[in-house]
Amino acid sequence: MTAESVDEPTAEPTAEPTAKPVRARQRRFHPAWTVALVALIALIGAAGFRAAPGVLMVPLEEEFGWSTAELSLAVSINLLLYGLIAPFAAALMQRFGIRAVTVVALFVIGAGAALSVFVATPGQLILTWGVLIGLGTGSMALVFAATITDTWFATRRGLVSGVLTAGSATGQLIFLPVIAAAAEDVGWRGASLIIAGGALAVMPLVWIFLRNRPSDIGVARYGETTPTVAPAPVLRGTAWGAAKLALTTLREAARTKTFWALAIGFAICGATTNGLIGTHFIPSAHDHGMATTTAAGLLAVVGIFDIVGTVFSGWLTDRVNPRILLAAYYALRGVSLLFLPSLLSAEVQPSIIVFIVIYGLDWVATVPPTIALCREVFGDKGPLVFGWVFAAHQIGAGIASVLAGIVRDHTGQYTFAWFAAAGLCAVAALVSATIRRHPTPARARE
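Novice: Can you help me understand the overall build of the protein chain in this one?
Specialist: The number of helices and strands found in the protein chain is 16 helices and zero strands. Residue burial in the protein chain is summarised as follows: out of 446 residues, 57% are buried. Of the contacts made within the protein chain by residues no fewer than 6 positions apart, 86% connect residues no fewer than 24 positions apart.

Novice: Just to check I follow, could you spell out the pattern of salt bridges for this structure?
Specialist: When charged atoms on two side chains of opposite charge get close, those side chains can pair. In this structure the tally under the stated criterion is five salt bridges. Between Arg213 and Asp216 there is a salt bridge, and its shortest N-O distance comes to 4.0 Å. On the accessibility criterion, Asp216 (37% relative accessible area) is partly exposed. The residue Asp362 makes a salt bridge to Arg333 at a minimum N-O spacing of 2.8 Å. Highlighted residues: Asp362 in helix α13 (residues 350-362) and Arg333 in helix α12 (residues 322-343), separated in sequence by 29 residues. The burial state of Asp362 is the same as that of Arg333; both residues are buried.

Novice: How should I be thinking about the confidence of the model for the protein chain in this particular structure?
Specialist: Low pLDDT marks regions whose predicted coordinates should not be analysed in detail. Averaged over every residue, the pLDDT of the protein chain is 80; the share at 70 or more is 85%. Mean pLDDT per element in the protein chain: helix α1 (residues 19-26) is the minimum at 42, and helix α16 (residues 415-433) is the maximum at 95. Contacts of residues 440-446 to residues separated by more than four positions or lying in other chains number 15 contacts, the stretch itself having pLDDT below 50.

Conventions used here
Residues numbered from 1 in each chain as written. Predicted model: local features only at pLDDT ≥ 70, side-chain atom pairs only at ≥ 80, totals over all residues. Heavy atoms only, no water. Helix = DSSP H or I, 4+ residues; strand = E, 2+ residues; numbered from the N terminus. Buried < 20%, exposed > 50% of the residue type's maximum accessible area, 1.4 Å probe, protein only. Contact = heavy atoms within 4.5 Å. Salt bridge = Lys/Arg side-chain N within 4 Å of Asp/Glu carboxyl O. pLDDT = per-residue confidence, 0-100.

What follows is the structure, given as structure tokens:
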């Protein structure tokens, strides 16, 4: 991925003193790795409350008597904002810097988590779970990972972006057993406060160690001896001007069939991950008699295999047509969902373990080939276009979250939701396989 479309300098590049690139080259431990580590910690911290709804839905339903559909609406708004805010967050990072936007996002997440302990109506839950947490986590979505990668690394971008991407999704799933155990020991309010504390605790770490660009501390990007970008570009304009760039990019991309093919496929990806499995797997397993902590543990295993699947998918994307990869991933996911209703039971059987492993390997494996296609078609604007494609991902997740809750309320089970999701995966596989080839723009090539 390239940094130009996310952080476009408006000033003319100026030459760096020759000593700085040499110093960066001689460092045994480049500060870019510190920035990447802090970014990973911040992404994991932001993922904490995004993991909470799936675990806390049952305690909230039992305490307040709210329907699954009412609870799912708050989750749906969270998922929608998580995606829709991402392109604008990238523009704000361009205007105000990565560090400031990240600190504010963590504060909003912590505030939303802390205030949730006072909810007494579904509307208040929508405000905390939905609006505040959605805005905060959306500002630290995959575009944040892309910005860190492209700003600080000239080489090993695939490795870094793969780890950060997997860290975001995996952090959400790994938190599940922790939140489930806390909810049982100290109640759902105590679990919410633990998450709030975690998000707020990361803020000083980000403020101290996360820098906006390598030139802020007088080094080149990792892997280069002379800077290839302006060392300290002067940012001009207003926040609205940066947001206007995101909207202009959307308008241009929406004129192409490829954008809509990628958006449709990624919307289905979101529907079948965050929207269904991430939100409703634990309640569905609970319907079959499985303990909440056990179901949360299974989703944590999904997170573990997600790391392997995402990194391996990035490796394959450099070697295999990304259209084929997307079609294969969606098809495999659809087949898995067809079998899920027959696999759920009160006890953990080997068959459900197989499902968990397959779903884990496939969870965000779609991200590297989708990014590659955005770069192939849209060149330097690929990262911002991917931001909008990711927004479609979360729109699909939000819609699926609500619809699955309605299905559960009206039928008493999730079976029809799983089957419908399997059918959508078949559509995504077909659409992805038929994306036509485009010549790679010269500036998009590494």
